[in-house]
There are 2 protein chains.
Amino acid sequence: MTLENALHTHKAMLLVALEQDPKELTRLLEELRAADIAELLEDLVDQQDEMPSVLSLLEHLPLTRRAHVYGFLPGWLQARLVDQLSDEALLAILEEMSSDDRADLYNLLGEDRREALLRRMAHREREELKRLASYEEGTAGAVMTSNYVAIPSGLTASQALLRVRQTAPDAETVYQIYIVDEQGHLAGTLSLRQLLIARPSAYLDELMIKDVIHTQVETLQEEVARLVARYDLLAVPVVDENELLVGIVTHDDVIDVIQAEATEDIHKGASVGNLEDGVSRSPLWNLYRKRVAWLVLLVFGNLFSGAGIAYFEDIIAAQVALVFFLPLLIDSGGNAGAQASTLTVRGLATGDIAFKDWGKLLGRELLIAAALGMTMALAVSPIGFMRGGEMLMIVVAMSMTIIVLTGSLVGLCLPFVLDRLGWDPATASGPLVTTLIDSFGVIIYFGIATILLTNI
Amino acid sequence: MTLENALHTHKAMLLVALEQDPKELTRLLEELRAADIAELLEDLVDQQDEMPSVLSLLEHLPLTRRAHVYGFLPGWLQARLVDQLSDEALLAILEEMSSDDRADLYNLLGEDRREALLRRMAHREREELKRLASYEEGTAGAVMTSNYVAIPSGLTASQALLRVRQTAPDAETVYQIYIVDEQGHLAGTLSLRQLLIARPSAYLDELMIKDVIHTQVETLQEEVARLVARYDLLAVPVVDENELLVGIVTHDDVIDVIQAEATEDIHKGASVGNLEDGVSRSPLWNLYRKRVAWLVLLVFGNLFSGAGIAYFEDIIAAQVALVFFLPLLIDSGGNAGAQASTLTVRGLATGDIAFKDWGKLLGRELLIAAALGMTMALAVSPIGFMRGGEMLMIVVAMSMTIIVLTGSLVGLCLPFVLDRLGWDPATASGPLVTTLIDSFGVIIYFGIATILLTNI
């Protein structure tokens, strides 16, 4: 809250200074961090659509700072801003950006603009940019940076330290150093800490760790994040298909990946498709599209419940009191099932459980679900008795137990089944589980009612 | 998968070596990383309950390594292992652990054991441990480490670098240096990178950044994580109520916090209480407890739907065909509502949307939900027509539109309402939204049916 308020005050002051006092503006901008400036600019466009002010504020920043701020802006705003820039101005910014941000921005441009920019670049820069921009989104290649410290093996610790000092201003991180052989293969790694406390005349070959945790360019970003989280790494090196070192993924990018993957899983858990821009920024049409597909699909899934009800229409007509408990029973099954599927999906995503644990989990779930079902049957029994006497109470209690048990088991198994079919287990969302279990619930409830109530 | 297989092979080899070949065992253990050894040990206990093997494997590790492995073990296993250790052996491990891991392990011990250990410690160590262990779980104080590099202001860059070299072996990170005044107040910060490229004779006071991003001991860990993520920090310093520097929270702990918070939110989203040990490890009783409370509560919530149905019993008895569409309609409302609440809750958690955006979001949701409702009405209309002719089609289509609209708006508003009541917005879970919307759905559907069908 204090942060938000501080930013709000700053925004007002910046806008006044922009019109009246360039010196004050420079001072204000110096006080702010790049991430905060980026948020202010986003707010300006978002709430007042102040593109001209945003552009002049950006022009007021020194070039390096401006490039840094660009890196913090969301893609949609970067795309709108660079539309207003000349090729020279854009190129100047691109050259100051870190290599991963540069590739991301490049990928936002149209074909013509890309060509125009590439033509103005030196050969090496051009090839580098094209290569980084070519990796598929969501892979290590797409999140890695090529601004790392690579040092040839054969140097001593003191020579290496000198190299680190020289490359420090440009590297994304200097705290983990990568040692490469003559061809550029990853040969070892050393932390700057180890380098600092090493004997200055010691050779890197003796000091370095040779068994380096590394990843491939095409590895999925969530796998990369898992490596970094598991081994508490500062960065993980990325090699290409020839085992040549081509980049590193740093801890701050890993945090972004973990956040984004959790958001994606949470959205999937509610049957919402993957949103690229976050809910506040997504165009309405996009939000509609990402929600409607599953909703309509589930409508048709729900027809099974309808069919079940049509089949049991006679008993319903004879005992309308049964309908009273219908939402309660099918919802309870759905809720218990959603719990089971959510626990399973998240357990699989964090690596807490593995696919091979299937059998063990099923046994545990059977016990828990039976206990849950009986507790809930107990809770609902008095109401059953009040609404329709002893027999209805028995029908409702039995149905509750069996529906909760079935629901939980379906919820537990669905992620494993989906995985077998080659789908993302996270698709086993609450709504899907609920819809599936509804049809089971209808059949179980009215089936039991038919058996017990029509024999009276 | 390759990682899993490699670990599996290693486990078998370790067990053989443990029995027959101590030298081979030492070699194998040296090859493994601490995180992997910890996982192997966990597996051993988990699948074969091999506590004696686990203890002898641990004893085979050099003390520093053993302490490091302990830090990677889950709490429940640490607690079981230290039960088997003498006070001396436990103390030796504690002294080698990083200060945050040490405090966590200490908090797992019983009162008597704690007293026995504290008595054997030096005064300063004892006070330090008691202080770190006293911070409330889930706050900056509880995740921070006191192994940081603090350097008095007034030194030069080269003097500071010498200090860094001396403290390097013990510090959790040496890459961000904190400058303190004589009383120990946080005065500034400097990255090791800046220190390395600074003029050796420059004073820290001139080099350091004075406006340090920092946090308080009692700040919630998710707030700390948000700071680190927002500003791409390596670590964030923590000060106490007197603004004295007392610790730092490092990037690797932040990753753990982000994972744990996402898991907690995902579980809450399915109405599951907070599990401390993960689903695979939680005792059955615990899992039951964390699930049953909400389920039973929702049973009573569902009674409102039942009451609605009881109220409309006449129209249901007269037109049993209506029941066919009941699960379909109330589920659709629940699904759309779950989507809206999930998008809102996650947006609030990631900071993508703020509480003040309430009005704007409502406007957007109104448009999207109307479009969704009409699409779904269109999808369900033919079925309505087939089951009961034109009038039923109109009833079902109208109900669908209004229920989806209502459901979406309830889903959107609920997190804000809960927040106003001082509850966690994440409590606005799918099951809660579904249950709420069910009662609305029942009233809307049978209300429309009564008006349109009884007038014929």
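The rules we used
- Residues numbered from 1 in each chain as written.
- Chains lettered and ligands numbered in written order.
- Predicted model: local features only at pLDDT ≥ 70, side-chain atom pairs only at ≥ 80, totals over all residues.
- Heavy atoms only, no water.
- Contact = heavy atoms within 4.5 Å.
- Buried area = accessible area lost by both parts, 1.4 Å probe.
- Salt bridge = Lys/Arg side-chain N within 4 Å of Asp/Glu carboxyl O.
- Helix = DSSP H or I, 4+ residues; strand = E, 2+ residues; numbered from the N terminus.
- Least-squares fit on C-alpha atoms with pLDDT ≥ 70 in both.
- Patch = residues over 30% accessible without salt bridge, like charges linked within 9 Å, V, L, I, M, F, W, Y side chains within 5 Å.
- Areas by Shrake-Rupley, 256 points an atom, 1.4 Å probe, with all protein chains shown as cover.
- Lys, Arg positive; Asp, Glu negative; His and termini not counted.
- Charge placed at Lys NZ, Arg CZ, Asp CG, Glu CD.
- Pairing = 2+ DSSP bridges.
- 1 Å grid on protein atoms, 1.4 Å probe; cavity = no way out; pocket = protein on both sides within 12 Å on 5 of 7 lines; lining within 4 Å.
- Points joined across faces, edges and corners; volume = space filled by probe spheres on them.
- Nonpolar A, V, L, I, M, F, W, Y, C, P; charged D, E, K, R; others polar.
- UniProt positions renumbered as here; feature names shortened; annotations may be inferred.
- Buried < 20%, exposed > 50% of the residue type's maximum accessible area, 1.4 Å probe, protein only.

Asks: Residue-level account of the interface of chain A and chain B, with values.
Replies: Each side of the interface is counted separately: chain A has 117 residues, and chain B has 117 residues. Regarding the contact of chain A and chain B, the summed buried area is about 10500 Å², with carbon and sulfur atoms giving 64% of it. Area buried by chain A at its contact with chain B is led by Arg193(A), Arg291(A) and Leu343(A), which between them contribute 7% of it. Remark: the boundary between chain A and chain B carries 10 salt bridges. Between Asp36(B) and Arg230(A) there is a salt bridge, and its shortest N-O distance comes to 2.6 Å. For the side of chain A that touches chain B, the leading source of residues is helix α17 (residues 284-311) of chain A, giving 17 residues.

Asks: Before we move on, can you summarise the environment of Tyr288(B) with the specific residues and values?
Replies: Mapped onto the secondary structure, Tyr288(B) falls in helix α17 (residues 284-311). Each C-alpha atom of the pair Tyr288(B) and Asp240(B) lies 39 Å from the other, and the pair is 48 residues apart in sequence. Not counting residues up to four positions away in its chain, the partners in contact with Tyr288(B) are Ile368(A), Ala371(A), Leu372(A) and Thr375(A).

Asks: Residues and numbers for the relation of the copies chain A and chain B, please.
Replies: Superposing chain A onto chain B requires a rotation of 180° together with a translation of 0.0 Å along the rotation axis, leaving an RMSD of 0.2 Å. In the structure described here, the two chain copies are related by an operation that fits a two-fold rotation axis. Most of the interface of chain A is mirrored in chain B: 100% of its interface residues are interface residues there too.

Asks: Please set out a negative patch on the surface residue by residue, giving values where relevant.
Replies: A surface patch of like charges, here negative, comprises Asp104(A), Glu136(A), Glu137(A), Glu276(A) and Asp277(A). Note that Glu137(A) resides in the loop between α10 (123-134) and α11 (140-143).

Asks: Break down the sheet that holds strand β4 (residues 215-216) of chain B for me, with residues and values.
Replies: Residues and elements named next belong to chain B. Strands sit in the order β4-β5-β6 across an open sheet of three strands; the sheet is mixed. The strands lining the two open edges of the sheet, one partner per strand, are β4 and β6 (245-250). Looking at chain direction, strand β5 (residues 235-239) and β6 are connected through five bridges and run antiparallel. By the bridge assignment for β6, Val238 is matched with Gly247.

Asks: So what about the layout of surface pockets? Which residues, and what values?
Replies: Residues and elements named next belong to chain B. In this structure, the second largest pocket occupies an estimated 230 Å³ of space. Along its surface, the second largest pocket is lined by Trp294, Leu297, Leu298, Gly301, Phe304, Leu414, Leu418, Trp423, Leu432, Thr435, Leu436 and Ser439. For the lining of the second largest pocket, the elements supplying multiple residues, two or more each, are α17, α21 (358-420) and α22 (430-453). Its residues assigned to classes, the lining of the second largest pocket shows nine nonpolar, three polar and no charged.

Asks: Lay out the UniProt feature "domain: CBS" (unreviewed entry) in chain A in plain terms, naming residues and giving numbers.
Replies: All names here are of chain A. Residues given the UniProt feature "domain: CBS" (unreviewed entry) here are residues 144-206 and 208-264. With 32% helix and 22% strand, residues 144-206 has its two end C-alpha atoms placed 28 Å apart. Along residues 208-264 the backbone is 44% helical and 23% strand, and the end-to-end C-alpha distance reaches 38 Å.

Asks: Lay out the side chain of Asp265(B) with the relevant residues and their values.
Replies: Residues and elements named next belong to chain B. Here Asp265 shows up in helix α16 (residues 251-269). No salt bridge is formed by the buried Asp265, whose closest oppositely charged neighbour, Arg346, lies at an N-O distance of 4.6 Å. In this view, Asp265 contacts Ala349 and Ala426; residues no more than four positions away in its chain are not counted.

Asks: Can you lay out empty space enclosed by the protein for me, pointing to particular residues and giving the numbers?
Replies: Applying the stated criterion across every chain yields a total of three cavities of 30 Å³ or more. Space inside the largest cavity adds up to approximately 510 Å³. What lines the largest cavity is a set of 35 residues, among which Ile266(A), Gly269(A), Ala270(A), Gly269(B) and Ala270(B) lie closest to the centre. Sorting the residues of the lining of the largest cavity by element identifies α16 (251-269), α19 (326-350) and α21 (430-453) of chain A together with α16, α20 (326-350) and α22 of chain B as the ones contributing at least two each. For the lining of the largest cavity, the element with the most residues is α20(B), which contributes eight residues. Taken together, the residues of the lining of the largest cavity sort by class into 15 nonpolar, 16 polar and four charged.

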